[in-house]
Amino acid sequence: MAQAQGLGRRYIKAFFKGFFVAVPVTVTFLDRVACVARVEGASMQVFLEISFVYQEIKRCLFTDNSKPSLNPGGREASDVVLLNHWSIRNYDVQRGDIVSLVSPRNPEQKIIKRVIALEGDIIKTIGYKKKYVKVPHGHIWVEGDHHGHSFDSNAFGPVSLGLLHARATHILWPPQRWQKLQPMLPPERKPLHREQE
């Protein structure tokens, strides 16, 4: 009986030792290297008018795996993406990257958007208070792919690089959408002018 109690204590002691080592390592990994997140909402969907003529185009666009827009199925399906924290540790982002950032209006919320312009770029806005904006030093211009339903830089202006959280690198779920997300900038959203560095 005493042996059974000693064996039970050893297992409990080993469990707690492993637990107290595993938890900080896991938290550090999820905070500094990578994590998985569910993308909710319509702001990263490709925008198309709902009409009979465009239904076939819509079907083709939403099933084309080269389009990195998220949540093409709308409310009935949400994409799960891999967010890479390590890749933006030096704020090294490029136009077309899909990034996660702290919302400038609500610090408790993280949003996911596409980088449209970098510092020094001049961008034509969509509904912002100024028609043209020069992105200041240490900032980026982000937009959702679904311009009509996106809370983005057109609402709150250029975003500080300090608010960057991670870069979305892969779609992990649903399985039929598994893919690596490549930087893609819509041709109509290219900056008008890039300041010489």
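Residues numbered from 1 in each chain as written. Predicted model: local features only at pLDDT ≥ 70, side-chain atom pairs only at ≥ 80, totals over all residues. Heavy atoms only, no water.

## So, the side chain of His85
(1) Moving on: Along the chain, the position of His85 falls in the loop between strand S2 (79-84) and strand S3 (98-102).
(2) Moving on: The contacts of His85, once residues within four sequence positions are left out, are Leu30, Asp31, Arg32, Val33, Ala34, Cys35, His165 and Ala166. (Helix = DSSP H or I, 4+ residues; strand = E, 2+ residues; numbered from the N terminus. Contact = heavy atoms within 4.5 Å.)

## Some remarks on the environment of Val36
(1) Moving on: Along the chain, Val36 turns up in strand S1 (residues 34-39).
(2) Moving on: A residue is classified by how much of its surface remains accessible, and Val36, at 53% relative accessible area, is exposed.
(3) Moving on: Taking the C-alpha atoms as reference, Val36 lies 9.7 Å from His170; in sequence the two are 134 residues apart.
(4) Moving on: Discounting residues that sit within four places of it in the chain, Val36 has contacts with Val80, Val81, Leu82 and Leu172. (Buried < 20%, exposed > 50% of the residue type's maximum accessible area, 1.4 Å probe, protein only.)

## Things to note about the pairing of S2
Residues in a regular strand point their side chains to alternate faces of the sheet.
(1) Moving on: When S1 meets S2, the two strands line up antiparallel, connected through six bridges. Its bridge partner lying in S2, Cys35 is registered against Leu83. (Pairing = 2+ DSSP bridges.)

## So, a nonpolar patch on the surface
(1) Moving on: A cluster of nonpolar residues, Ile12, Phe15, Phe16, Phe19, Phe20, Val23 and Val27, forms a patch on the protein surface that exposes about 690 Å² of accessible area.
(2) Moving on: Structurally, the position occupied by Val23 is in helix H1 (residues 2-32). (Patch = residues over 30% accessible without salt bridge, like charges linked within 9 Å, V, L, I, M, F, W, Y side chains within 5 Å. Areas by Shrake-Rupley, 256 points an atom, 1.4 Å probe, with all protein chains shown as cover. Salt bridge = Lys/Arg side-chain N within 4 Å of Asp/Glu carboxyl O.)

## Some thoughts on the packing of aromatic side chains
(1) Moving on: Tallying each qualifying case throughout the model produces two aromatic pairs.
(2) Moving on: Relative to Trp141, the ring of Tyr128 has its centre 5.4 Å away and its plane inclined at 85°; by these criteria the two rings are edge-to-face. Taken as a pair, Tyr128 in the loop between strand S5 (121-124) and strand S6 (132-134) and Trp141 in strand S7 (residues 139-143) lie far apart in primary sequence, 13 residues in all. Side by side, Tyr128 and Trp141 carry an identical accessibility label, which is buried. (Phe/Tyr/Trp six-rings, centres within 6.5 Å; stacked < 30°, edge-to-face > 60°.)

## As for the environment of Leu70
(1) Moving on: Along the polypeptide, Leu70 turns up in the loop between helix H2 (55-63) and S2.
(2) Moving on: Along the backbone, Leu70 and Gly41 are 29 residues apart, and their C-alpha atoms lie at a distance of 9.2 Å.

## Remarks on the nonpolar core
(1) Moving on: Counting 13 residues, the largest nonpolar core has Val93, Val99, Leu101, Ile140, Val142 and Leu164 as the members making the most contacts within it.
(2) Moving on: Of all elements in the fold, only S3, strand S4 (110-117) and S7 reach the threshold of two or more residues within this core.
(3) Moving on: When residues no more than four places from it in sequence are discounted, the contact partners of Val93 are Ile88, Val99, Leu118, Ile140, Leu161, Leu164 and Arg167.
(4) Moving on: Counting residues in hydrophobic clusters, the runner-up holds 11 residues, among them Val81, Leu83, Ala166 and Ala168. (Core = buried A, V, L, I, M, F, W, Y, C linked by side-chain atoms within 4.5 Å.)

## Observations concerning the pattern of salt bridges
(1) Moving on: The final tally for this structure, using the stated rule, is five salt bridges.
(2) Moving on: When the shortest N-O distance is used, the salt bridge between Arg114 and Asp145 registers 2.7 Å. With Arg114 in strand S4 and Asp145 in the loop between S7 and helix H3 (153-156), this residue pair connects regions lying 31 residues apart in the sequence.

## Regarding unusual backbone geometry
(1) Moving on: Of note, the bond from Trp173 into Pro174 is cis; its omega dihedral lies within 30 degrees of zero at 0°.
(2) Moving on: Within the secondary structure, Pro174 is located in the loop between strand S9 (164-173) and strand S10 (179-180).
(3) Moving on: Of note in this structure, Tyr91 is not a glycine but carries a positive phi near 60°.

## Here's the deal with the pairing of S5
(1) Moving on: Taking every second residue as pointing to the same face, the buried face of S5 carries Asp121 and Ile123, while none of Ile122 and Lys124 on the other face is buried.
(2) Moving on: As defined by bridge partners, S5 adjoins S6 across three bridges and the pair is classed as antiparallel. The residue bridging Ile122 from the neighbouring strand is Lys134, located in S6.

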